[in-house]
Amino acid sequence: MNNQYRNNTVTINPKTYLKTLSLIHIALMSGVLIFGLVALYVTPKNNLYFSFSNDMLFLGILIFILMIVFMFGLVFKSILKQNAKKQSNDLNQALIQYQTTLIIRIALIEGPSLFGVVVFLLSGNLIFLSGSALLLTYIYFQKPSREKIIKELNFGNDLILEFEKFEEGINY
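What counts, and at which threshold
Residues numbered from 1 in each chain as written. Predicted model: local features only at pLDDT ≥ 70, side-chain atom pairs only at ≥ 80, totals over all residues. Heavy atoms only, no water. Axes fitted to C-alpha atoms, helices over the stretch in contact; angles between N-to-C directions. Helix = DSSP H or I, 4+ residues; strand = E, 2+ residues; numbered from the N terminus. Parallel < 35°, antiparallel > 145°, perpendicular 65-115°, else oblique. Left-handed = near helix turned anticlockwise from the far one by under 90°. Contact = heavy atoms within 4.5 Å. Nonpolar A, V, L, I, M, F, W, Y, C, P; charged D, E, K, R; others polar. Salt bridge = Lys/Arg side-chain N within 4 Å of Asp/Glu carboxyl O. Buried < 20%, exposed > 50% of the residue type's maximum accessible area, 1.4 Å probe, protein only. Core = buried A, V, L, I, M, F, W, Y, C linked by side-chain atoms within 4.5 Å. Patch = residues over 30% accessible without salt bridge, like charges linked within 9 Å, V, L, I, M, F, W, Y side chains within 5 Å. Areas by Shrake-Rupley, 256 points an atom, 1.4 Å probe, with all protein chains shown as cover.

**Here's the deal with the packing of helix 3 (residues 91–123) against helix 4 (residues 126–140)**
Alright, step 1. For the pair helix 3 and helix 4, the least separation of the axes is 8 Å and the interaxial angle reads 160°. The pairing of helix 3 with helix 4 is recorded here as roughly antiparallel in orientation. Between helix 3 and helix 4 lies a crossing whose hand is left-handed. When helix 3 is examined against helix 4, the residues I106, I109, E110, P112, S113, G116, V117, V119, F120 and S123 are found in contact with a partner set consisting of L126, F128, L129, S132, L135, L136, Y138 and I139.
Alright, step 2. Residue composition of the contact of helix 3 with helix 4, grouped by class: 13 nonpolar, four polar and one charged.

**Remarks on the pattern of salt bridges**
Alright, step 1. One pass over the structure, following the stated rule, counts one salt bridge.
Alright, step 2. Residue E147 is joined to R146 by a salt bridge in which the shortest nitrogen-to-oxygen separation is 3.3 Å.
Alright, step 3. The class for E147 is exposed, based on a relative accessible area of 52%.

**Digging into the nonpolar core**
Alright, step 1. Residues Y17, L21, L95, Y98, I149 and L153 are the most contacted members of the largest nonpolar core, which totals 20 residues.
Alright, step 2. The set of elements that each furnish at least two residues to this core consists of helix 1 (14–42), helix 2 (55–86), helix 3 and helix 4.
Alright, step 3. Here the element with the most residues in this core is helix 3; it accounts for seven residues.
Alright, step 4. Listed in part, the six residues of the second largest apolar core include A39, V119, F120 and F128.

**Section: a nonpolar patch on the surface**
Alright, step 1. Taken together, I34, V38, Y41, V42 and L121 make up a surface patch of nonpolar side chains, about 520 Å² in accessible area.
Alright, step 2. Structurally, I34 is set in helix 1.

**A look at the environment of V117**
Alright, step 1. Assignment of secondary structure puts V117 in helix 3.
Alright, step 2. Judged by its relative accessible area of 1%, V117 is buried.
Alright, step 3. C-alpha separation for the pair V117 and F128, spaced eleven residues apart in sequence, amounts to 6.5 Å.

Now the structure itself:
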């Protein structure tokens, strides 16, 4: 068994860590997807339309979504830079912080996406649901991988070797 309890810490190897991150990613993505599909199902078909007629509402929501996505980029980069300074050689802490940062990154995109689904429910305008679908696609491409983790955390050669050690595991 890969998870062993020793002195209130869990030993997780890189493969298990990536599975955990992938599961978190899928769970956050599936919430928006299921909510969007339910919203599409419960909206009466005669109320579905695709137009820009309500320009002020559309413009306001578009600006809101763009601000959130822009803020996500700034927040994510600043968190990674702060953590890189703190844990320059501590793989365990770097991976814990990366997991936290990944959740924040996806949540900052998930919020506007859920908001778009709610506005679709209220208005029946498919523009908002399609905007949510675009954000959901963006979330999909944020899927964590070994290469992304190494690149985003700017691992040195020693940390790359430590991260790739499968047998020893990482204390978490």
